[in-house]
Amino acid sequence: MKYDAETFLMEILRIPTVNGKDDERALAVFLRDFLKDCGVSAVVQEIDSKHANVVGVLDGRSKETVIWNGHLDTVPYGKMGEWKTDPSVPVKKNGCIYARGASDMKSGLAAMAYVLGSMKEKGHVPSHTIYFCGTCDEEKGGLGARHLLETQMLRKPALLLISEPTGLRPGTAQKGCIWMQMKIHGRTSHGAYPEQGVNALEYGIHIFENLKERIERYNHEVLGKPTCQITMAKGGIVPNMTPDAAEIMLDIRVIPGITTRMVSEWVQEIIDQCRQETDGELNVEVHIKNDRQAIEIDSGNLWLKKLQWELELRMLSKERIGINYFTDASILAKGIPDTPVLLCGPGQPEMAHKPNEYVEVEKYSRYIGILSRLF
């Protein structure tokens, strides 16, 4: 093999893939070439000049398939002055590798590709046919995951394993994400006579508060409560005029059992009540800008039990955790319904998107061992 596991990760971290800035395709090509050198069947799925996926396939002993997924892109570096090292150049110190993407999630991505290549070179045949899918644009719109589904190359798998950073703990549930845009239209009036107008800003906040209260009635044993917050707002004319228009963006993180349809129905009920109060003069347009479903694997799932057994053998925590941020799992699981989804990777979830991001080399190595044993 051309690289040892640690060097392979360092090479991947040296390829910049900041979403919206760098060429994510370059990493897809690197991974394809690595896998092909190991004898694995691999292709690059071209999307545009900067975006591409990489898909490698290793035939197994059975006709059943599993999907291994990791994303190629990273978030921007942020304030460079807050980094103690150059985020574009991986540095190893004190048993950790520092660089943007070290935890989220090039260490998980590298481990998957490395294990696939190692299996092929050593002549090991996995229990299931493995589809390794490195997807682009996960940090924004999920362009890569959507393209992967459009190709219809993925047969219904026995498992979808996502190597997002979990600190090697089994991630068994993930919150969904809804970005809801509300455009509120009321009626202006003099600021001294607010009763003669319909305040679009106030009604927008009223709708938000009622929706938030309804959403937060729910709870999940691993994920906790769903959340709803205003992340963008604009409106108003001048200080002494009732605003007749406003626009509000909501970031809603839902748990299993709450669907986008349910949230849309709830918000419409609240809007209808407000329209009655204003004799129909209030109008609200609702647009869903992001729709990621919540996912959860059954606690008795055999793959989960196998993973927990491997963790226990290594004296690692087998306690289930929840993932609050969205991943490509929500897109892939929606496109391949009823597929059990597990999230587990060597990165530190609390380091994602932060300066001085790192991965512990020991956890990266252990993850490689876990993948090899599981499959």
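Keep in mind the model is a prediction, meaning the values are calculated, not measured.

1. Focus: a nonpolar patch on the surface
So, step 1. Nonpolar side chains collect at one region of the surface, where Ile 237, Val 238 and Met 241 lie side by side and expose about 230 Å² of accessible area between them.
So, step 2. Assignment of secondary structure puts Val 238 in the loop between β10 (227-235) and β11 (245-254).

2. Observations regarding the side chain of Asn 69
So, step 1. Note that Asn 69 resides in strand β3 (residues 65-71).
So, step 2. Residue class for Asn 69 comes out buried when judged on its relative accessible area of 1%.
So, step 3. A distance of 2.9 Å separates a polar side-chain atom of Asn 69 from the backbone oxygen of Cys 133.

3. Description of the pattern of salt bridges
So, step 1. Evaluation of the coordinates by the stated rule reveals 18 salt bridges.
So, step 2. Where Lys 212 meets Glu 216, a salt bridge forms, and the shortest distance between an N and an O atom there is 3.1 Å.
So, step 3. Through salt bridges that share partners, Glu 310, Arg 314 and Arg 373 make up one connected network.

4. Things to note about the nonpolar core
So, step 1. With 60 residues, the main nonpolar core has Phe 8, Leu 31, Trp 68, Phe 132, Leu 161, Leu 371 and Phe 375 as its most contacted residues.
So, step 2. The element contributing the most residues to this core is helix α3 (residues 102-122), with ten residues.
So, step 3. Trp 68 has contacts with Met 112, Val 115, Leu 116, Ile 130, Tyr 131, Phe 132, Cys 133, Leu 161, Leu 371 and Phe 375, leaving out every residue within four places of it along the chain.

5. Some details on the environment of Trp 68
So, step 1. Inspection of the secondary structure puts Trp 68 in strand β3.
So, step 2. Separated by 63 residues in sequence, Trp 68 and Tyr 131 place their C-alpha atoms 6.0 Å apart.

6. A word on the sheet that holds β11
So, step 1. The sheet built from four strands is open, its strands ordered β10-β11-β9-β12 with antiparallel pairing. The open sheet has two free edges, formed respectively by β10 and β12 (283-292), since each of these has just one partner strand. Going across the sheet, the axis of each strand differs from the next one's by a mean of 15 degrees, ignoring polarity.
So, step 2. One ladder, built from ten bridges, connects strand β9 (residues 176-185) with β11; its direction is antiparallel. What sits directly across from Ile 178, in β11, is Ile 252.

7. Observations regarding unusual backbone geometry
So, step 1. Put simply, Asp 104 and Met 105 share a cis peptide bond, and its omega is -10 degrees.
So, step 2. Within the secondary structure layout, Met 105 lies in helix α3.
So, step 3. Phi at Met 315 is positive, roughly 55 degrees, even though this residue is not glycine.
So, step 4. With respect to the helices, strands and loops of the structure, Met 315 is situated in the loop between α7 (302-313) and β14 (321-323).
So, step 5. The phi torsion at Asp 338 lies on the positive side, around 65 degrees, for a residue other than glycine.
So, step 6. In this structure, Asp 338 sits in the loop between α8 (329-335) and β15 (341-343).
So, step 7. The exposure class of Asp 338 is exposed, given its relative accessible area of 72%.

8. Focus: the domain arrangement of the protein chain
So, step 1. Domain boundaries assigned for the protein chain yield domain 1 (5-174 + 294-372) and domain 2 (176-292).
So, step 2. The distance between the C-alpha centroids of domain 1 and domain 2 comes to 36 Å.
So, step 3. The junction of domain 1 with domain 2 conceals about 1200 Å² of combined surface from both sides, 52% of it contributed by carbon and sulfur atoms.
So, step 4. Remark: the boundary between domain 1 and domain 2 carries two salt bridges.
So, step 5. We note a salt bridge from Glu 221 to Arg 320, for which the minimum N-O separation is 3.8 Å.
So, step 6. Elements with a contribution of two residues or more to the side of domain 1 that touches domain 2: β8 (171-174), β13 (295-296), β14 and α8.
So, step 7. By residue class, the composition of the side of domain 1 that touches domain 2 is eight nonpolar, eight polar and seven charged.

Basis of the calculations
- Residues numbered from 1 in each chain as written.
- Predicted model: local features only at pLDDT ≥ 70, side-chain atom pairs only at ≥ 80, totals over all residues.
- Heavy atoms only, no water.
- Patch = residues over 30% accessible without salt bridge, like charges linked within 9 Å, V, L, I, M, F, W, Y side chains within 5 Å.
- Areas by Shrake-Rupley, 256 points an atom, 1.4 Å probe, with all protein chains shown as cover.
- Salt bridge = Lys/Arg side-chain N within 4 Å of Asp/Glu carboxyl O.
- Helix = DSSP H or I, 4+ residues; strand = E, 2+ residues; numbered from the N terminus.
- Buried < 20%, exposed > 50% of the residue type's maximum accessible area, 1.4 Å probe, protein only.
- Polar contact = N/O pair within 3.5 Å; in protein donor to acceptor, adjacent residues only side chain to side chain.
- Core = buried A, V, L, I, M, F, W, Y, C linked by side-chain atoms within 4.5 Å.
- Contact = heavy atoms within 4.5 Å.
- Pairing = 2+ DSSP bridges.
- Axes fitted to C-alpha atoms, helices over the stretch in contact; angles between N-to-C directions.
- Domains from an automatic or database assignment.
- Buried area = accessible area lost by both parts, 1.4 Å probe.
- Nonpolar A, V, L, I, M, F, W, Y, C, P; charged D, E, K, R; others polar.

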